[in-house]
Amino acid sequence: MEEKEIHLRDYLKVIHKRRYTVYTFFIVVFIVVLIGTLSSTPVYKATTKVLIEKAEPYNLSMMYPYYMTYDPEFYETQYQLIKSTSVAQKVVKMLSLEDIYGRFFKDGEKLFSGNQNKSKTEILADIISSGIVVTPVKNSKIVNISFMSTNPEFAELIANSIAKAYIEEILEMRMSTARYSLEWMTKKAEEEKSKLEKSEQALQEYMKANDIVTLQDRITITPQKLTEFNAQLIKAETRRKELEVLYNKVKNLSPEMKEAETIPAIASDPTIQSIRTQILKAEQEIEERSKKYGQKHPVMIRAREDLKILEQKKSQEIKRVIGTIKNEYELAKSNENSLRRMLANTKNEALDLNEKFIKYGVLTREVETNRQLYDALIKRIKEQSVTEEIQSVNVWIVEKAEKPVIPVKPRKPLNILLGIIIGLFGGIGMAFFLEYIDNTIKSPEEAEARLGVPVIGVVPLIVSKEDNITELLLKDPQSIFAESYKTIRTSVLLSAADRPPRNILVTSMGPEEGKTVTSVNLSITIARSGYSVLLVDSDLRKPRIHTIFGLNNLSGLSTYLAGATADINTVFKRPLTNLTVIPSGPVPPNPSELLGSNRMSELIESLAENFDLIIWDSPPLMTVTDGLILSRILDGTIIVTRAGKTTYDMVSRGLKYMKGRRTNDISSHVLGIVINAYNIKKEDNYYYKYYNYYPAAEKE
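Residues numbered from 1 in each chain as written. Predicted model: local features only at pLDDT ≥ 70, side-chain atom pairs only at ≥ 80, totals over all residues. Heavy atoms only, no water.

**Considerations on the overall build of the protein**
Then comes step 1: The secondary structure content of the protein amounts to 26 helices and 12 strands.
Then comes step 2: A total of 700 residues make up the protein; the buried ones form 39% of that total.
Then comes step 3: Expressed as a percentage of contacts within the protein between residues at least 6 apart in sequence, the contacts between residues at least 24 apart total 80%.
Then comes step 4: Just so you have it, the protein exposes about 41,000 Å², and 54% of that area is on carbon and sulfur atoms. (Helix = DSSP H or I, 4+ residues; strand = E, 2+ residues; numbered from the N terminus. Buried < 20%, exposed > 50% of the residue type's maximum accessible area, 1.4 Å probe, protein only. Contact = heavy atoms within 4.5 Å. Areas by Shrake-Rupley, 256 points an atom, 1.4 Å probe, with all protein chains shown as cover.)

Okay, structure coming up:
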């Protein structure tokens, strides 16, 4: 189902329909606003204009003055100060309001007597503080200080006094701050002076104890000594390692061993080289002489003895060289150890000097810090003494308050205008809200759009409780009520192309929605058209048709279905021409079983042969199953709803039941919906014009 497009006329229609809600809300709001406005006590406002400027205290150490930019926090602070209780109390004391308050207000004593927990000064200060209004003038340093009161003279007096009290408060705060600052800085300066003297004395004692005068020279020389000793140690260590390698090679050698002569340090010795040369010559001579002399020749013996002496001399020299190498190694080792000890001592000395110098630096910085802080305090004390009278806030009264003539509250024209606007739009909002939460059937168009079932007729609401709709139909067949049932009759007769449905069920979703009256009046209307109509009261629980026509209900449909009445013709009643009525009969204990029996089906077939149209009145669908049973076995069903009572949810659930819950269920054929008790004048302008088409006499 497509969603219906909402137009402006739909909104206007809602407003027109609920116009009485709009009228009521508007009148109530307007009357409340009007009474509140007219009964309010006039309030007057007096305003004093002051210029507030932030002035930074002049600093003697600054070369140029300091200009302060706009500071929103500063101005907000001043506004809160103006409205503070301390300023209000100054106003009370300045004007002696405890004594003169009664001149302005007659209920002054009553006000004081009603507040026993506070003094008069506190009560008046609270009144003044609550009535102060501070308003800054845009794009300026001007501030409006206003006071509102029911007495215009009192408002003028207080407004002017607030400005003066505010200036005095600033002066007192400045003087109190300056006095406190001087006291604090003087006390702090004395403390810093004592600290400075103690730190200077500690520095002097440390310098004397550690001979700090020559400390810097020693600190300068010590790194040079460390560098020199470190270089010498490296050389000595290198020399020692070289000699150690050589010593390890020769320390286990014997002078007679040939390997000794292969060591470069021994072989390069000049004495050993000379002896080796002599040995070579001696060996050559022995070889030459051996050719000439025998081995035992004295010459050969002497030559061999000379060679032996040379060999011994070489061994002695080798031994000497080995001893020299050992001595040099021991000397290099001793030199290295000596340099290492000297380097370690120098390092310890350097660390000790650094520690002393660091301590000296700490004491020196402490003295400098104390001196700077002491000097700064002394300088600030002198500046504070000079600039003590300079204010940080400059205030000038630009314009004094005058006695107000016109009250600022209540603003009668504005209040009345607001009352009209709020009442009007509030009433419209209330109308739409009520329309939103109202889920009942209200108009034929909406019912068809939301339910998907045609509305075959609308029955107007009977305004007078004394009128009976069935009597009106009989007495005045040309009335609007009669015409509404004629419309339903036409819709029923034209509901099928070949012929109208023969058996028609008239039911509703709930009780008291007009289904019985609709059944009766529809039957009367169709019977007057020349059709033979049978009206059956199949509501076997709360029957009413026999009461409407004044018929005997001792026998009827229930007695026939139960077998107590053999022939249905015996229970026929004919109150009008072409109209036959079958009353319900006594209320049975099992209505649903009787209506769903085979005898009921046979009765429907037999009645269809004797009447043009049969209308069945049944119980509501949502209360019992009787109507649902009948809707499945009859040709068509008319659902009667009551405007403003029957909800769309109830009708939707009823339609679902009638369609069948299972695929093999036989669904009911719904001919349409009848909207009963429709308020034509309230609901719809179209139907109202239709109603006005009839003469006034007929409407009455």
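**A short note on helix H21 (residues 598-608)**
Then comes step 1: By the burial criterion, the buried members of H21 are Met 600, Leu 603, Ile 604, Leu 607 and Ala 608. On an axial view of H21, the arc spanned by its buried residues comes to 125°, and they lie on one face. Across H21 from its buried face, at more than 90 degrees, point the exposed residues Asn 598, Glu 602 and Glu 605. (Arc of directions from axis to C-beta.)

**Considerations on the packing of helix H1 (residues 8-17) against helix H13 (residues 412-437)**
Then comes step 1: The N-to-C vectors of H1 and H13 enclose an angle of 95°; their axes lie 9 Å apart at closest approach. Of the possible angle classes, the one that applies to H1 and H13 is roughly perpendicular. Note on element contacts: H13 touches H1 through Ile 428, Ala 431, Phe 432 and Glu 435, opposite Tyr 11, Val 14, Ile 15 and Lys 17.
Then comes step 2: Along the lines of polarity and charge, the residues of the contact of H1 with H13 split into 6 nonpolar, no polar and 2 charged. (Axes fitted to C-alpha atoms, helices over the stretch in contact; angles between N-to-C directions. Parallel < 35°, antiparallel > 145°, perpendicular 65-115°, else oblique. Nonpolar A, V, L, I, M, F, W, Y, C, P; charged D, E, K, R; others polar.)

**Some thoughts on the sheet that holds strand S1 (residues 44-54)**
Then comes step 1: Pairing within the open sheet is antiparallel, and its 4 strands lie in the order S2-S3-S1-S4. At either margin of the open sheet sits one strand with a lone partner, and together these are strand S2 (132-136) and strand S4 (393-399). Adjacent strand axes in the sheet meet at a mean angle of 30°, parallel and antiparallel pairs treated alike.
Then comes step 2: Pairing geometry for S1 and strand S3 (residues 142-149), over 8 bridges, is antiparallel. Its bridge partner lying in S3, Lys 49 is registered against Asn 144. (Pairing = 2+ DSSP bridges.)

**Topic: the pairing of strand S5 (residues 455-460)**
Then comes step 1: Buried residues dominate S5, accounting for 6 of its 6 residues.
Then comes step 2: The pairing of S5 with strand S12 (residues 670-678) spans 4 bridges and is parallel. By the bridge assignment for S12, Val 458 is matched with Ile 675.

**Here's the deal with the packing of aromatic side chains**
Each aromatic ring pair is characterised by the separation of its centres together with the angle its planes make.
Then comes step 1: In this structure the tally under the stated criterion is 10 aromatic pairs.
Then comes step 2: Between the aromatic rings of Phe 26 and Phe 30, the centroid separation amounts to 5.9 Å while the plane-to-plane angle is 15°, which identifies the pairing as stacked. You can see Phe 26 and its partner Phe 30 sitting in helix H2 (residues 19-39), 4 residues apart, about one turn around the helix.
Then comes step 3: Exposure remark for Phe 30: the relative accessible area of 23% places this residue in the partly exposed category.
Then comes step 4: An aromatic cluster of at least three residues, connected via ring pairs, comprises Tyr 101, Phe 104, Phe 105, Phe 147 and Phe 154.
Then comes step 5: When the ring centre of Tyr 648 is taken as origin, the NZ or CZ atom of Arg 450, which lies over that ring, is 4.1 Å away.
Then comes step 6: Lying over the aromatic face of Tyr 560, Arg 599 brings its terminal NZ or CZ to 4.1 Å of the ring centre. (Phe/Tyr/Trp six-rings, centres within 6.5 Å; stacked < 30°, edge-to-face > 60°. Lys NZ or Arg CZ within 6 Å of the ring centre and 35° of its normal.)

**Quick look at the pattern of salt bridges**
Then comes step 1: For the structure on display, the rule yields 16 salt bridges.
Then comes step 2: Its salt-bridge partner being Lys 90, residue Glu 172 comes within 3.1 Å of it at the nearest N-O pair. Note that Glu 172 is positioned in helix H8 (residues 152-209) and Lys 90 in helix H4 (residues 85-95), a separation of 82 residues in sequence.
Then comes step 3: Residue Glu 172 is classed as partly exposed on the basis of its relative accessible area of 45%. (Salt bridge = Lys/Arg side-chain N within 4 Å of Asp/Glu carboxyl O.)

**Some words on the sheet that holds strand S6 (residues 503-508)**
Then comes step 1: Sheet architecture is open: 8 strands sit in the order S5-S12-S11-S6-S10-S7-S9-S8, paired in mixed fashion. If you trace the sheet from one side to the other, it starts and ends with S5 and strand S8 (573-576), each paired once. Geometrically, the sheet is characterised by an average inter-axis angle of 25° between neighbouring strands, direction not taken into account.

**Considerations on H4**
Structural remark: α-helix, 3.6 residues per turn; residues separated by three or four positions point the same way.
Then comes step 1: Of all the residues in H4, the buried ones are Val 87, Ala 88, Lys 90, Val 91, Val 92 and Leu 95.
Then comes step 2: A positive backbone phi angle near 55° is found at Ser 96, which sits one or two residues after H4.

**Here's the deal with unusual backbone geometry**
Then comes step 1: Between Lys 409 and Pro 410 the backbone carries a cis peptide bond, its omega angle lying at -10°.
Then comes step 2: Looking at the element boundaries, Pro 410 is found in the loop between S4 and H13.
Then comes step 3: One non-glycine residue with positive phi stands out, namely Ser 96, at about 55°.
Then comes step 4: Relative to the helices and strands, Ser 96 is located in the loop between H4 and helix H5 (97-104).
Then comes step 5: Positive phi, normally seen in glycine, also occurs at Asn 578, with a value near 65°.

**Brief notes about a negative patch on the surface**
Then comes step 1: On the surface, Glu 285, Glu 287, Glu 288, Glu 305 and Asp 306 cluster together into a patch of negative charge.
Then comes step 2: Broken down by secondary-structure element, the contributors of at least two residues to the negative patch are helix H11 (270-292) and helix H12 (298-386).
Then comes step 3: When residues of the negative patch are assigned to their parent elements, the largest contribution, 3 residues, is made by H11.
Then comes step 4: Relative to the assigned elements, Glu 285 resides in helix H11.
Then comes step 5: Taking the relative accessible area as the measure of exposure, Glu 285 reaches 41% and is therefore partly exposed. (Patch = residues over 30% accessible without salt bridge, like charges linked within 9 Å, V, L, I, M, F, W, Y side chains within 5 Å. Lys, Arg positive; Asp, Glu negative; His and termini not counted. Charge placed at Lys NZ, Arg CZ, Asp CG, Glu CD.)

**Looking at a nonpolar patch on the surface**
Then comes step 1: Taken together, the side chains of Leu 414, Leu 417, Leu 418, Ile 421, Ile 422, Leu 424 and Phe 425 make up a nonpolar region of the molecular surface, amounting to roughly 620 Å² of accessible area.
Then comes step 2: Following the sequence through the fold, Ile 422 ends up in helix H13.

**Some remarks on the nonpolar core**
Then comes step 1: Among the nonpolar cores identified, the biggest contains 38 residues, and Ile 52, Leu 97, Ile 128, Phe 147, Ile 158 and Ile 162 are the most heavily contacted of them.
Then comes step 2: With 9 residues, the single largest contributor to this core is H8.
Then comes step 3: When residues no more than four places from it in sequence are discounted, the contact partners of Leu 97 are Val 92, Leu 124, Ile 128, Phe 154 and Ile 158. (Core = buried A, V, L, I, M, F, W, Y, C linked by side-chain atoms within 4.5 Å.)

**As for the confidence of the model for the protein**
Then comes step 1: Across the protein, pLDDT averages 81, with 83% of residues at or above 70.
Then comes step 2: Within the model, the stretch residues 59-68 combines pLDDT values under 50 with 8 contacts to residues more than four positions away or in other chains. (pLDDT = per-residue confidence, 0-100.)

**Observations concerning the pairing of S3**
Then comes step 1: For S3, the buried fraction is high: 6 of the 8 residues fall into the buried class.
Then comes step 2: Relative to S3, S2 runs antiparallel, the two being bridged by 5 bridges. Looking across to S3, one finds that Thr 135 is bridged to Asn 144.
Then comes step 3: In this structure, the hairpin formed by S2 and S3 is closed by a connection of 5 residues, where Asn 139 is found at a positive phi of approximately 60°.

**Looking at the environment of Arg 371**
Then comes step 1: Topologically, Arg 371 is positioned in helix H12.
Then comes step 2: Since its relative accessible area comes to 28%, Arg 371 is described here as partly exposed.
Then comes step 3: Considering only alpha carbons, one finds Arg 371 and Glu 197, 174 residues apart in sequence, at a separation of 9.1 Å.
Then comes step 4: Excluding residues within four positions of it along the chain, Arg 371 makes contact with Leu 196 and Glu 200.

**Let's talk about the side chain of Thr 440**
Then comes step 1: For Thr 440, the position within the fold is in the loop between H13 and helix H14 (444-451).
Then comes step 2: A distance of 2.6 Å separates a polar atom in the side chain of Thr 440 from a polar atom in the side chain of Asp 438.
Then comes step 3: Contacts of Thr 440, omitting those with residues within four sequence positions, involve Gly 644, Lys 645, Thr 646, Thr 647 and Tyr 648. (Polar contact = N/O pair within 3.5 Å; in protein donor to acceptor, adjacent residues only side chain to side chain.)

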